[in-house]
Number of protein chains: 2
Amino acid sequence: MAHGAGGTASRRLVERCLPHLGGTALAELGDAGLVERAAGARVGAAPLVLTTDAFVVRPLRFGGGSIGSLAVHGTLNDLAAAGARPLALTASFVLEEGLELATFEAEVAALGEAARRCDVEVVAADTKVVERGHADGLFIATTGLGAVVARPAPSPRRMAPGDRVLVSGPVADHGIAVLLARGELHLDAEVHSDSASLWPAAEALIEACGPGLRTMRDATRGGVATVLCELAGAAGLEVELDEAAVPLRGPTRGACELLGLDPLYVANEGCLVAVVAAASADAALAALHATEVGREAAVVGEVTAGDRGRVVGRTAFGGRRVLDLLAGDPLPRIC
Amino acid sequence: MAHGAGGTASRRLVERCLPHLGGTALAELGDAGLVERAAGARVGAAPLVLTTDAFVVRPLRFGGGSIGSLAVHGTLNDLAAAGARPLALTASFVLEEGLELATFEAEVAALGEAARRCDVEVVAADTKVVERGHADGLFIATTGLGAVVARPAPSPRRMAPGDRVLVSGPVADHGIAVLLARGELHLDAEVHSDSASLWPAAEALIEACGPGLRTMRDATRGGVATVLCELAGAAGLEVELDEAAVPLRGPTRGACELLGLDPLYVANEGCLVAVVAAASADAALAALHATEVGREAAVVGEVTAGDRGRVVGRTAFGGRRVLDLLAGDPLPRIC
């Protein structure tokens, strides 16, 4: 508990873990971190956006990632979907008394490493400790500051009939990887989370499509289907989804079938849904394919003037079904 | 649990609680909120700072405040201490399954109300839910974006021998108010938390002192003594504290004496420690006295060229003692 009291034990903890986060702003140990001037200079007068997320994933580590890297990717991906280049990141940690110091340090290191790979500085951090049984190991909340470089700013209100819908890669890997890591299923599938930064994909789309890029979202909780419902609702248009065109890896498909889960509703942490003008679709697809995270991108649907806010899936067998917002919580604590 | 799944229950929760936070950026329900243009225009080319804090105070409500308002004041006060005018705020919530919806809504409302009073917009928010027993009711993490308007930027490295140390008001009220709210002490004292925004006090000091303002800190966990130790350490100078000059309300003094707590180490949530040039001390004190939060401000000490990093307290009885960083955690979960 003393590690959360703000005194000598807190200071030792901070001094031990701080080097993992790097950064000159944090190293000053003040309570507020200067946003890197270089980042500001890169951006000029672009509008600033903030986004925040709490991460409570259980277990802390899973195939393809852990809470530390997830806390970076999840927040940067909300910036990316807003068409915003990341400028700076903050992280606050809630630790449960009794958490192994090595476990905490490993996650701080994972967070710092992910931030460095994404070329963004962690400029402020905070740690609190609660008594045993009053939290679950470790929660992390991150906040990202970004500058909107997409012109015009992406918005579902810019969607129009005829626009195409793309996804940047295979769906459902993250949810299934976390579920398997819980070890309750005795299922031995090779599934790795897609946890990754989507900024390279978003930047490629911004450059390739210009104003042909209508809107973007990262398909986290609720999956691709829920995100499409939200976009269709905000646009007041219908989205027709070609379900067979949605990329899905074999082991993930198998696990979903065994578990009775619809992969379109399973959470992703590195899957961008983008809506682009029909004339931009080929350029968008080529641009995504040229990025690491978008190698398996696909055109999966089309915006129509049908029912306001409805999403219709064309199934592999030629049927049609209406896809609604996720109801209930099939996979709790997934991020 | 479904309230955290990102589907229909999440949406109902957000739509119920969102109006409390106000703000046009949040109302768009995207994942990243635009930092208000008006705020940007107010600030010009001032350097940006970010700060973040997690709040795990127990109980959620206490005399003079609650976790919702505390989560605003605590983060804005870190900006204020950096000499930064607040521009925007984000909030992420971790809820324990079973938390009364009315309790959650009351705290979202308290957070929104405190933000409005402080003239800062909540531009992004997030909610996660964990199973019963895996959190303690409600945790909130807030992040503040600010623009440093103090010139030069406050820093302990600007401290010099002869500088004066001021506090903006009575100490130890917050820690004692939270302790009393736990109801374990059967002590009936009228103590209210000092939870409040320190930006009006910081702004008054910036205007009154100009470059005579050396550095500021808000004295939260570890209290005034720990903050002075950190400042003395960062400056490589000694601080001499006149303990009898530190404002302390009667009921708080009484509770501290009964409980064997040193009020200099008890947490505050609306107490600014400022170091100013000797020539600016009178102007600084007058400026603080003209603010609501600084009505009882006092000059409490002086910077000397004595031992590097040492803080010496002159007690009311004429004795001298060395004050060190807080050790251990006398009052856990105080913020």
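Because the structure is predicted, anything quoted here is derived from the model rather than measured.

Procedures and definitions
Residues numbered from 1 in each chain as written. Chains lettered and ligands numbered in written order. Predicted model: local features only at pLDDT ≥ 70, side-chain atom pairs only at ≥ 80, totals over all residues. Heavy atoms only, no water. Axes fitted to C-alpha atoms, helices over the stretch in contact; angles between N-to-C directions. Helix = DSSP H or I, 4+ residues; strand = E, 2+ residues; numbered from the N terminus. Left-handed = near helix turned anticlockwise from the far one by under 90°. Contact = heavy atoms within 4.5 Å. Nonpolar A, V, L, I, M, F, W, Y, C, P; charged D, E, K, R; others polar. Domains from an automatic or database assignment. Buried area = accessible area lost by both parts, 1.4 Å probe. Salt bridge = Lys/Arg side-chain N within 4 Å of Asp/Glu carboxyl O. Polar contact = N/O pair within 3.5 Å; in protein donor to acceptor, adjacent residues only side chain to side chain. Least-squares fit on C-alpha atoms with pLDDT ≥ 70 in both. Pairing = 2+ DSSP bridges.

Caption draft 1: Spotlight on the packing of helix 4 (residues 67-81) of chain B against helix 5 (residues 101-117) of chain B. Residue and element names in this part refer to chain B. Where helix 4 meets helix 5, the axes come as close as 6 Å, and the angle between the chain directions of the two elements is 35 degrees. Handedness of the crossing formed by helix 4 with helix 5: right-handed. Packed against helix 4, whose contacting residues are Ile67, Gly68, Ser69, Ala71, Val72 and His73, the element helix 5 presents Glu107, Ala110, Leu111, Ala114 and Ala115 at the interface. Here the contact of helix 4 with helix 5 is composed, by residue class, of 7 nonpolar, 3 polar and 1 charged.

Caption draft 2: Just the domain arrangement of chain A, in detail. All names here are of chain A. We note that the domain assignment places domain 1 (31-148) and domain 2 (156-323) within chain A. Measuring from the centre of the C-alpha atoms in domain 1 to the corresponding centre in domain 2 gives 24 Å. Listed by partner, the interface residues are 20 residues for domain 1 and 23 residues for domain 2. Between domain 1 and domain 2, roughly 1600 Å² of surface is buried when both sides are summed, and carbon and sulfur atoms account for 56% of that area. Counting the surface domain 1 buries against domain 2, the share from its top three residues, Arg58, Asn77 and Ala81, is 28%. There are 1 salt bridge connecting domain 1 and domain 2. Here Glu203 ties to Arg85 by a salt bridge, and the two come within 3.4 Å at their closest N and O atoms. Summed over the shared surface of domain 1 and domain 2, the number is 8 residue pairs in polar contact (both at pLDDT 80 or more).

Caption draft 3: Representation of the relation of the copies chain A and chain B within the structure. Screw-axis analysis of chain A against chain B gives a translation of 0.0 Å along the axis, an RMSD of 0.0 Å, and a rotation angle of 180 degrees. Given the turn and translation reported, the copies of this chain are related as if by a two-fold rotation axis. Closest approach to the rotation axis among the C-alpha atoms of chain A is made by A:Ala135, whose C-alpha sits 2.0 Å away.

Caption draft 4: Quick peek at the sheet that holds strand 11 (residues 272-276) of chain A. All names here are of chain A. Read across the sheet, 7 strands follow the order 9-11-8-12-10-13-14 without closing on themselves; strand pairing throughout is mixed. Of all strands in the sheet, those bounded by a partner on one side alone are strand 9 (213-218) and strand 14 (320-323). Put simply, the sheet's adjacent strands are angled 25 degrees from each other on average, direction ignored. Taken together, the 5 bridges between strand 9 and strand 11 define a ladder with antiparallel strand orientation. By the bridge assignment, Met216 is partnered in strand 11 with Ala274. Of the strands in this sheet, strand 9 and strand 11 are in contact with helix 4 (residues 67-81), which crosses strand 9 at around 165 degrees.

Caption draft 5: Representation of the interface of chain A and chain B. Counting residues at the interface gives 65 residues for chain A and 65 residues for chain B. Counting each side, the surface lost to burial between chain A and chain B is near 5200 Å², with a carbon and sulfur contribution of 58%. Inspection of the region where chain A meets chain B yields 8 salt bridges. Two residues, A:Glu131 and B:Arg58, come together in a salt bridge whose shortest N-O distance is 3.1 Å. On the surface where chain A and chain B come into contact, there are 21 residue pairs in polar contact (both at pLDDT 80 or more). At the level of secondary structure, the elements contributing two or more residues to the side of chain A that touches chain B comprise helix 1 (8-21), strand 1 (33-34), strand 2 (48-55), strand 5 (84-96), strand 6 (121-130), strand 7 (138-148), strand 9 and helix 8 (223-235) of chain A.

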